[in-house]
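Take a look at the letters that make up each chain.
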Amino acid sequence: MTLTDNFIDGQWRGAIGGRTRPNVNPADVSDVIGEFAESDAADVAAAVTAAHRASPAWRAIGPIERAIHLTRAGRLLAERADEFAAAITREQGKRTSEARGEVDRALAIAEFTAGEGRRLNGVTTPAEEPRTLAMTFRRPIGVVGLVTPWNFPLAIPLWKVAPALVAGCPAILKPSPLTPLTSALLVRAFADAGIPAGVLNLVQGDRDAGEALVADERVAGISFTGSLPVGRDIQQAGAHRLLRTQLELGGKNALIVLADANLDKAVEAIVHGAFGQAGQRCSATSRVLVDTPVRDELLARLRDRVGAMRVGPGTDPAADIGPVVNEQRLEACLAAVQGARRAGAKVICGGERATAGLPDGYYVEPTVLADVGWDSEIAQEEVFGPVLSVVDCHGFDDAMRIANSVRYGMSGTIFTQNPATMFEALDRFEAGMLHVNRPGVGAYAHLPHIGAKQSQYGAPECSPQVWDFYTEWRSACISY
């Protein structure tokens, strides 16, 4: 057994074609973590066959027994928390404290989802005829493909795997090729907890494996978290057979600071939202819309606070921000800053690659841009890195107009002391996850992780609403 292999039908095995891909530490590219399987359609077909074969028995044991398997795996995850956190930091780059926070979130998701195994219920309703029982209940949709990104290499795979298995859907997990180790550790925990062969399969690799998973007609649903272009490709590829999809597709999130805001709290929330995990979150604060009466003071505070942040490896306890995940992401961040400069934006701090005193890795200085036009490219398109755009606004109505001007709608945040404004903002934000006077990132395990507009298609992740993806309704009328 090796964690660099696929896990198919209860066995660890290399890619059928023999291909591998290196996994490199973004904080120090001389650290090669391993050569992981690079799968193709043959590996996917084997995994789907195993899942399809396991489906009847897995469905038959019922959600309570299935949830017990999840509980066992969750206990192993808790026992191995340090191992998971170290793997997340090493292959994704986030700071150790952030990695441990992700492990804690994964544990909360496992705990919540396992409890839902006793709540997968329907309803009884009145019938039109006498001596008749009318009722509804749920059934699993079948084999599912779970395609996950690199920015949360434990939490996102788990918040797909957990409800899939409890619902009764055998799964094929295809993680990002940038973070294969963490998913392998997760699948190993389920295997060690006794998950039956074929119920949970792991296929490592990139686009070839993902396309084969979407194309296999034995796969009833695809849950995907990633970019908008790839999400569209999945939707189009499955449209001819009405493939069920659950797509979370990024964001361009606004945090509004009105003139009556508590600036101390606002600055801390902005820094956490924009630069936590090097800005590599779908809910990251990438735009601050600041009311002009407090603009200069907010910019001065951000300059001081962000300019003092220390860049370093995730294992450095003194580091405030780690690397971005790879060279492509680094180049995209720097190109976005240069494009903003050409469009008239002013760099308040950062804006360059960080190298001084650092290993050979992918480090970007935390960057704050001012004088950003609300309709400029950097204010409209996702950067997915530690780059914050500050856009001027003139009061609440103007702020809401700018906040809703983008095609995305993942999260929205407002800082104000006016209760009426708070609730009006909740009504007017065109976004799925809303925050008032707190950082605009993060959600609880029992709340929907959901976007609006082009940030989301299909049922939410997490929360009781997740069952609307993994199950389908039945109705029954019984005359007695």
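Scoring rules and cut-offs
- Residues numbered from 1 in each chain as written.
- Predicted model: local features only at pLDDT ≥ 70, side-chain atom pairs only at ≥ 80, totals over all residues.
- Heavy atoms only, no water.
- Phe/Tyr/Trp six-rings, centres within 6.5 Å; stacked < 30°, edge-to-face > 60°.
- Buried < 20%, exposed > 50% of the residue type's maximum accessible area, 1.4 Å probe, protein only.
- Helix = DSSP H or I, 4+ residues; strand = E, 2+ residues; numbered from the N terminus.
- Lys NZ or Arg CZ within 6 Å of the ring centre and 35° of its normal.
- Polar contact = N/O pair within 3.5 Å; in protein donor to acceptor, adjacent residues only side chain to side chain.
- Contact = heavy atoms within 4.5 Å.
- Pairing = 2+ DSSP bridges.

1. Focus: the packing of aromatic side chains
Phase 1 of the analysis: Evaluation of the coordinates by the stated rule reveals three aromatic pairs.
Phase 2 of the analysis: Ring geometry for Phe7 and Trp12: centres 4.9 Å apart, planes at 55 degrees, overall tilted. Neither residue differs from the other here; Phe7 and Trp12 are each classed as buried.
Phase 3 of the analysis: When the ring of Trp150 is compared with that of Phe384, the centres are 5.5 Å apart and the planes differ by 85 degrees; the resulting orientation is edge-to-face. You can see Trp150 sitting in the loop between strand 7 (144-147) and helix 5 (155-167) and its partner Phe384 sitting in the loop between helix 12 (377-380) and strand 16 (387-393), a full 234 residues away along the chain. Across the pair, exposure class does not vary: Trp150 and Phe384 are buried alike.
Phase 4 of the analysis: When the ring centre of Phe152 is taken as origin, the NZ or CZ atom of Lys94, which lies over that ring, is 4.2 Å away.
Phase 5 of the analysis: Sitting over the ring of Trp374, Arg401 keeps its end group 4.7 Å from the ring centre.

2. Things to note about the side chain of Ser463
Phase 1 of the analysis: Along the chain, Ser463 falls in the loop between strand 21 (456-457) and helix 15 (467-470).
Phase 2 of the analysis: Its relative accessible area of 1% is what places Ser463 among the buried residues.
Phase 3 of the analysis: Here Gln465 takes part through its side chain, which lies 2.9 Å from a polar atom of the side chain of Ser463.
Phase 4 of the analysis: If sequence neighbours within four positions are ignored, Ser463 has contacts with Phe112, Ala445, His446, Leu447 and Pro448.

3. Observations regarding the sheet that holds strand 22 (residues 471-479)
Phase 1 of the analysis: Reading across from one edge, 5-6-22 is the order of the three strands in this open sheet, with antiparallel pairing throughout. Looking along the sheet, the strands with just one partner apiece sit at the ends: strand 5 (124-125) and strand 22.
Phase 2 of the analysis: Bridge analysis of strand 5 against strand 6 (residues 132-140) gives two bridges, and the strand direction is antiparallel. The residue bridging Thr124 from the neighbouring strand is Met135, located in strand 6.

Note that all results are geometric; they support no functional claim without further evidence.
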